[in-house]
Amino acid sequence: MTASSPGTTPSSSGRSGPVPAPRPKFAAAARPELADTRMRRNLRGATAALRGREAAAAAETADWEDLREAGRAIKDDALLDLDSHLEELERAVTEAGGTVHWAADAVEARRVVTGLVRATGAKEVVKAASATTREIGLNDALARAGVTVRETGVAEMAVQLGEDAPSHLLSPAAHRDRAEIAELFRRAVPAAGPGLADDPEALAAAARAHLRDRFLRARVAVTSANFLVAETGTLVLLESEGNARMCLTLPETLISVAGIDKVVPTWDDMEVFLQLLPRSSTGDRMTPYVSSWTGVTPGDGPRALHLVLLDNGRTRALADEVGRAALRCIRCSACLNVCPVYERTGGRPYGPVHPGPIGAVLTPLTRGVESAADASLPYASTLCGACADVCPVKIDIPDMLVHLRGKVVESRRRRPVPTPEMALMRGLAWTMGDPRRHEAAVRRGARWARLLSRGGRIRRLPGLLGKWTEARDLPAPPPESFRGWWDRTRA
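Residues numbered from 1 in each chain as written. Predicted model: local features only at pLDDT ≥ 70, side-chain atom pairs only at ≥ 80, totals over all residues. Heavy atoms only, no water.

A. Expanded view of the side chain of Glu151. By the secondary structure assignment, Glu151 is in strand β3 (residues 148-151). The buried category is assigned to Glu151, whose relative accessible area is 7%. Engagement of the side chain of Glu151 in a polar contact is seen with the side chain of Lys127, the distance being 2.7 Å. When neighbours within four sequence positions are excluded, Glu151 is seen to be in contact with Lys127, Asn139, Glu156, Met157, Gln160 and Leu211. (Helix = DSSP H or I, 4+ residues; strand = E, 2+ residues; numbered from the N terminus. Buried < 20%, exposed > 50% of the residue type's maximum accessible area, 1.4 Å probe, protein only. Polar contact = N/O pair within 3.5 Å; in protein donor to acceptor, adjacent residues only side chain to side chain. Contact = heavy atoms within 4.5 Å.)

B. The arrangement of the confidence of the model for the protein chain in detail. Averaged over all residues, the pLDDT of the protein chain equals 89, while 96% of them reach at least 70. Per-element mean pLDDT across the protein chain ranges from 78 in helix α22 (residues 466-469) up to 98 in strand β1 (residues 99-103). (pLDDT = per-residue confidence, 0-100.)

C. Up close: unusual backbone geometry. A positive phi angle, close to 50°, is found at Glu163, a residue other than glycine. Classification of Glu163 as exposed rests on a relative accessible area of 75%. A positive phi angle is found at Leu383, which is not glycine, with a value near 60°. Using a relative accessible area of 33% as the deciding quantity, one classes Leu383 as partly exposed.

D. Quick look at the pattern of salt bridges. This structure, assessed with the given rule, holds 33 salt bridges. Taking the shortest distance from any N to any O, the salt bridge between Lys407 and Asp320 comes out at 3.6 Å. Here Asp320 lies in the loop between α13 (314-318) and α14 (334-338) and Lys407 lies in helix α19 (residues 397-413), a separation of 87 residues in the sequence. Its relative accessible area of 11% is what places Asp320 among the buried residues. Two residues, Glu343 and Arg344, come together in a salt bridge whose shortest N-O distance is 4.0 Å. Arg344 sits in the partly exposed class, given a relative accessible area of 38%. (Salt bridge = Lys/Arg side-chain N within 4 Å of Asp/Glu carboxyl O.)

E. Region of the structure containing a negative patch on the surface. A cluster of acidic side chains, namely Asp77, Asp81, Asp83 and Glu87, defines a negative patch on the protein surface. Residue position: Glu87 is located in helix α4 (residues 82-95). Residue class for Glu87 comes out partly exposed when judged on its relative accessible area of 47%. (Patch = residues over 30% accessible without salt bridge, like charges linked within 9 Å, V, L, I, M, F, W, Y side chains within 5 Å. Areas by Shrake-Rupley, 256 points an atom, 1.4 Å probe, with all protein chains shown as cover. Lys, Arg positive; Asp, Glu negative; His and termini not counted. Charge placed at Lys NZ, Arg CZ, Asp CG, Glu CD.)

F. Broad picture of helix α21 (residues 435-452). Given a rise of 1.5 Å per residue, 18 residues ought to cover 26 Å, and the 26 Å separating the end C-alpha atoms of α21 matches this to within 8%. All of the buried residues in α21 are Ala440, Ala446 and Ala449. Here the buried face of α21 lies against β11 (457-458). For α21, the N-terminal capping position is held by Asp434, with its side-chain oxygen 3.0 Å away from the main-chain nitrogen of Arg436. (Expected span 1.5 Å × (residues − 1).)

Have a look at this one:
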């Protein structure tokens with residue numbers, strides 16, 4: 001299937017427009033985060049609290065496993081007939097007075113949204129939290145077009161004011177504590193005042209005072225959507241602060257950007273997801289604000305609704321028989337909160353969009369594993385399986401990580417110049433393919449290894465092998481090999 005309307009051609013690579021500066025590999029990007037003890041302490045506290053709440057909320061529901069299975073089945077059915085559901089969604093949205101735009105990649109999505117904002121003449125837009133708009137780099141694109149973007153969630157506003165990068169799907173500022181956010185508001189938010197306290201109520205009040213006038217004068221709003229109901233053309237958004245609902249009701253023009261994977265077939269399907277998502281994201285029985293909007297209604301809400309449906313590599317992931325299950329994801333963040341790797345590194349080493357275990361599979365699936373940074377993500381895991389245990393739609397993330405590691409290895413085999421690791425593996429394969437070569441290599445290798453040992457341990461190997469001994473010692477090999485002992489004792 002294709003997510004393009006007639007006259008548009010999806011990008012075969014799924015990449016997001018101009019090639020950005022190369023990102024570092026996960027291990028290199030994680031080093032400064034591991035050294036930030038304050039960030040690690042903040043993240044550890046946040047994820048531990050969410051883990052407890054989510055476990056308690058799931059335990060309350062006697063049919064929790066049945067709900068998970070239902071969520072899995074609904075999403076799989078939606079993905080199986082995604083082309084048909086997208087066409088049905090377009091018809092329903094259009095009949096309700098909305099306009100659907102198809103974007104094959106991030107470049108096209110930025111062009112569409114920027115054009116829509118320019119057409120209104122607005123120089124400022126209010127925006128509700130959206131990983132999808134972050135995926136396409138919308139804020140920077142609008143800034144280049146002379147449009148100011150106002151993030152309206154407290155956490156997103158803190159990230160924007162601090163010129164920071166988000167670290168969590170649910171709370172982008174989870175790596176910051178209240179004292180840091182209060183200090184940031186004192187500096188950057190005039191309404192906060194110099195005596196702003198660092199308790200949640202005071203911070204929320206300062207954000208409310210800062211944003212109130214901006215909401216009232218906004219002519220354009222940009223939001224995402226958690227679900228797109230194909231049957232009715234309804235967009236559904238769940239949130240905890242009410243800022244997104246302000247974006248949905250006050251401005252004259254509403255632009256919603258959503259991935260094509262957000263489609264569910266019928267309104268009845270929402271019964272399952274409205275139980276799964278809040279329990280798996282915040283540990284609540286229900287989300288404080290559940291907003292749904294269908295087209296436009298004269299005299300009520302925006303006068304114009306634009307839905308931008310984004311592919312950006314999703315059809316590439318859909319073509320992968322193993323990896324397509326990642327498109328079930330409902331962005332609950334439960335996998336982040338149980339991941340031992342994420343808890344220590346935060347979300348930024350995973351890249352600018354999808355952090356944690358789900359990011360380690362979604363980013364390589366949609367972008368490919370050609371770049372060193374994307375190829376490193378499937379290895380950012382201990383494969384402990386905790387993420388699969390808590391996923392509300394039963395995505396087997398560890399299985400996908402192993403699958404993607406195989407893709408990384410295969411991609412390296414096709415390179416004209418092999419990587420040092422691949423050259424080493426080929427050399428080992430040649431050596432171990434013949435008993436005489438293997439025996440000679442073991443004998444000589446053991447001799448050199450004993451020369452490198454001190455006190456019966458090898459603490460530092462030379463060259464690329466030194467990566468192994470950065471984190472562990474090796475025992476020195478014994479004076480006699482097993483084969484030598486076997487031959488001697490048998491003789």
